[in-house]
Amino acid sequence: VNEYGDEMTAGAAELTHATAAVTAYSDLSVSLRWEANNSSCPLGLICAMQAPVVRGMPFVTLQYRSMRPRISLRDQVNQIDGISPPCETSGRRFTATLANGRVWRVYFSESVELQVSADGKEIVSKTDFNGTMRLADVATI
């Protein structure tokens, strides 16, 4: 049962109409991969996002190659690291407090510069990212 519904959608700015491909699976897991079309990817690069999905996992993991991580929200972000939108912030670890009271932690394997939209419903990296992003509901960590 998914208690979060469509509260948060994680992806990449370049993946507006991409379809996931299953790259591996077992009884308790599946690995998904999305690739950007050539027009949104620099010449000669393969821009992709992968997501290992495992039953019971306490956080969402996304792996990026030359893409800008994006988080879309149903309820707006009231604050990210104590700053109200619209705003920019940088680092490897962020705390996002939503209008519905839920608090999410966002972790990156490398430092990123994030931009939060004026309506607080989108968080996106300002530059391409190569690495891992993890999302966790603070109540579960």
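Bear in mind that the values here come from a model prediction, so they are computed numbers and not experimental data.

### Details of the overall build of the chain
Of regular secondary structure, the chain possesses zero helices and 11 strands. Taken against the 2.2 N^0.38 rule, which gives 14 Å for 141 residues, the C-alpha radius of gyration of the chain at 15 Å falls within 12% of a compact globule. If you take every contact in the chain between residues at least 6 apart in sequence, the share linking residues at least 24 apart comes to 54%. Accessible area for the chain stands at about 8000 Å²; split by element, carbon and sulfur atoms hold 49% of it.

### A word on the pattern of salt bridges
All told, the structure shown has eight salt bridges when counted by the stated rule. With its nearest N and O atoms 3.3 Å apart, the salt bridge here joins R68 to E14. In this pair, R68 sits in the loop between β5 (60–67) and β6 (69–73) while E14 sits in the loop between β1 (8–12) and β2 (21–25), placing the two residues 54 residues apart along the sequence. With relative accessibility at 12%, the residue E14 sits in the buried group. Counted as one network, the salt bridges with shared partners bring together E7, R102 and D137.

### Side note on the packing of aromatic side chains
Scanning the model with the defined rule gives three aromatic pairs in all. Taking the centre distance of 6.1 Å and the plane angle of 65 degrees together, the rings of Y64 and F129 count as edge-to-face. Taken together, the positions of Y64 in strand β5 and F129 in strand β11 (residues 129–137) put the pair 65 residues apart, joining distant regions of the chain. The class of Y64 is buried, set by a relative accessible area of 5%. Judged by centre distance (5.4 Å) and plane angle (85 degrees), the ring pair of F108 and F129 falls under edge-to-face. Taken as a pair, F108 in strand β9 (residues 103–116) and F129 in strand β11 lie far apart in primary sequence, 21 residues in all. Of the two residues examined, F108 and F129, each falls in the buried class. Put simply, the rings of Y64, F94, F108 and F129 touch in pairs and so form one group of aromatic residues.

Basis of the calculations
- Residues numbered from 1 in each chain as written.
- Predicted model: local features only at pLDDT ≥ 70, side-chain atom pairs only at ≥ 80, totals over all residues.
- Heavy atoms only, no water.
- Helix = DSSP H or I, 4+ residues; strand = E, 2+ residues; numbered from the N terminus.
- Rg over C-alpha atoms; globule rule 2.2 N^0.38 Å.
- Contact = heavy atoms within 4.5 Å.
- Areas by Shrake-Rupley, 256 points an atom, 1.4 Å probe, with all protein chains shown as cover.
- Salt bridge = Lys/Arg side-chain N within 4 Å of Asp/Glu carboxyl O.
- Buried < 20%, exposed > 50% of the residue type's maximum accessible area, 1.4 Å probe, protein only.
- Phe/Tyr/Trp six-rings, centres within 6.5 Å; stacked < 30°, edge-to-face > 60°.

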